[in-house]
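Descriptive structure summary
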Amino acid sequence: MSLRSILIHPDPRLKKVCAPVETVSSELGALAEDMLETMYEAPGIGLAAPQIGIMQRLFVMDCVKEQDTVQRPMVLINPEITWTSEETSSYEEGCLSIPEQYGEVTRPSTVRMRWLGLDGKTHEEEFSELWATCAQHEFDHLNGKLFIDYLGPIKRQMITRRMEKLKRERARG
């Protein structure tokens, strides 16, 4: 297992629609392990393949935050949203590709997703609260959409400028 570099916005790869995963393989399993390790290290609760420059429909998540609770790492391959609730909830979202920037995003409070697991089988689950927000946030990444796309143009521009500055500083650093 190894840590992967996380792309920082604005990077054109973060705005691209990802291709479906063709086959579940041991290489894909190793990639998922790297993604989980990278996500936990960051620390974050979700990470999509395009955030590490892999343009495939795959993301990992684990929204268990309590210290004494067992982690629940999930790997979702070729996920699809099959149902969303009419009821919405708002969270102040952040993103590992947009470090230390946050914005209030309103999304359906419950979603049902279907995906392929590393076991090659189809899985389906209903997510609510933080899990629903995370699943939708990561799903958006697979379609080239970032949480800042839900914000107003001025706030979005401000955050983009901060990220451009951060990238320049890191390049010098």
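You'll find the structure just up there.
Worth saying up front: this structure is predicted, and the values here are computed from it rather than measured.

1. Quick word on the pattern of salt bridges
Per the counting criterion, the structure on display carries ten salt bridges. One continuous salt-bridge network, built from bridges that share partners, spans Glu80, Arg114 and Glu124.

2. Thoughts on the sheet that holds strand β1 (residues 46–48)
Read from one edge to the other, the open sheet built from five strands follows the order β1-β2-β3-β6-β7, with strand pairing classed as antiparallel. Whereas interior strands pair on both sides, the edge strands pair on one side only; in this sheet they are β1 and β7 (122–128). Taking each pair of neighbouring strands and ignoring which way they run, the sheet shows an average axis angle of 40 degrees. One ladder, built from four bridges, connects strand β2 (residues 58–61) with strand β3 (residues 74–84); its direction is antiparallel. Considered in β3, the bridge of Met61 is made with Met74.

3. Some details on the pairing of β3
By the bridge criterion, five bridges tie β3 to strand β6 (residues 110–116) in an arrangement that is antiparallel. Counterpart to Ile77 in the pairing with β6 is Leu116.

4. Section: the environment of Ala49
Here Ala49 shows up in the loop between β1 and β2. Between the alpha carbons of Ala49 and Val64 there is a distance of 20 Å; along the sequence they are 15 residues apart. Those residues in contact with Ala49 that sit more than four places away from it in its chain are Met35, Ile54, Gln56 and Leu58.

Definitions and cut-offs
- Residues numbered from 1 in each chain as written.
- Predicted model: local features only at pLDDT ≥ 70, side-chain atom pairs only at ≥ 80, totals over all residues.
- Heavy atoms only, no water.
- Salt bridge = Lys/Arg side-chain N within 4 Å of Asp/Glu carboxyl O.
- Pairing = 2+ DSSP bridges.
- Helix = DSSP H or I, 4+ residues; strand = E, 2+ residues; numbered from the N terminus.
- Axes fitted to C-alpha atoms, helices over the stretch in contact; angles between N-to-C directions.
- Contact = heavy atoms within 4.5 Å.

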